Amino acid sequence: MVEEELDETCHWLEVIMESEMLPEKRVFLLHAECKELLSIIVSSIVSTRKHLQQL
């Protein structure tokens, strides 16, 4: 669920930047942080799945 919500948030931040609803400089850092968080969550999911398969 967290992964899906972060992915959707990243998507909408991209839409905001591409449509120029807000200046890119106001949204860029939020988008970058969103992508970082998404990467961390995906990594955690992969690690957890691997760990559970070993049990």
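See the structure above.
Residues numbered from 1 in each chain as written. Predicted model: local features only at pLDDT ≥ 70, side-chain atom pairs only at ≥ 80, totals over all residues. Heavy atoms only, no water.

Brief notes about helix α1 (residues 2-19)
What counts, and what does not: Helix and strand assignments follow DSSP, with helices taken as H or I runs no shorter than four residues and strands as E runs no shorter than two, numbered in order from the N terminus. What a helix is expected to span follows from its residue count: subtract one and scale by 1.5 Å. Exposure is judged per residue with a 1.4 Å probe applied to protein chains only, and the accessible area is read against the type maximum: over 50% gives exposed, under 20% gives buried, and values in between give partly exposed. Starting at the helix axis, one direction is taken to each C-beta atom, and the arc is that of these directions. Contacts are residue-level and defined by heavy atoms, with any inter-residue pair within 4.5 Å sufficient.
With 18 residues, α1 extends 26 Å between its outermost C-alpha atoms, agreeing within 8% with the 26 Å of an ideal straight helix rising 1.5 Å per residue. Taken together, the buried positions of α1 are occupied by Leu6, Cys10, Leu13 and Met17. Buried residues in α1, looked at end-on, bunch into an arc of 65°, giving them a common side. Exposed residues lying more than 90 degrees from the buried face of α1 are Glu4 and Glu18. Structurally, α1 contributes buried residues whose contacts are with α2 (24-54). After α1 finishes, the residue glutamate 20 shows a positive phi value of roughly 60°.

Side note on α2
Here α2 is 31 residues long and its end C-alpha atoms lie 44 Å apart, about the 45 Å a rise of 1.5 Å per residue gives. Within the span of α2, buried status applies to Val27, His31, Cys34 and Leu38. Buried residues in α2 make contact with α1.

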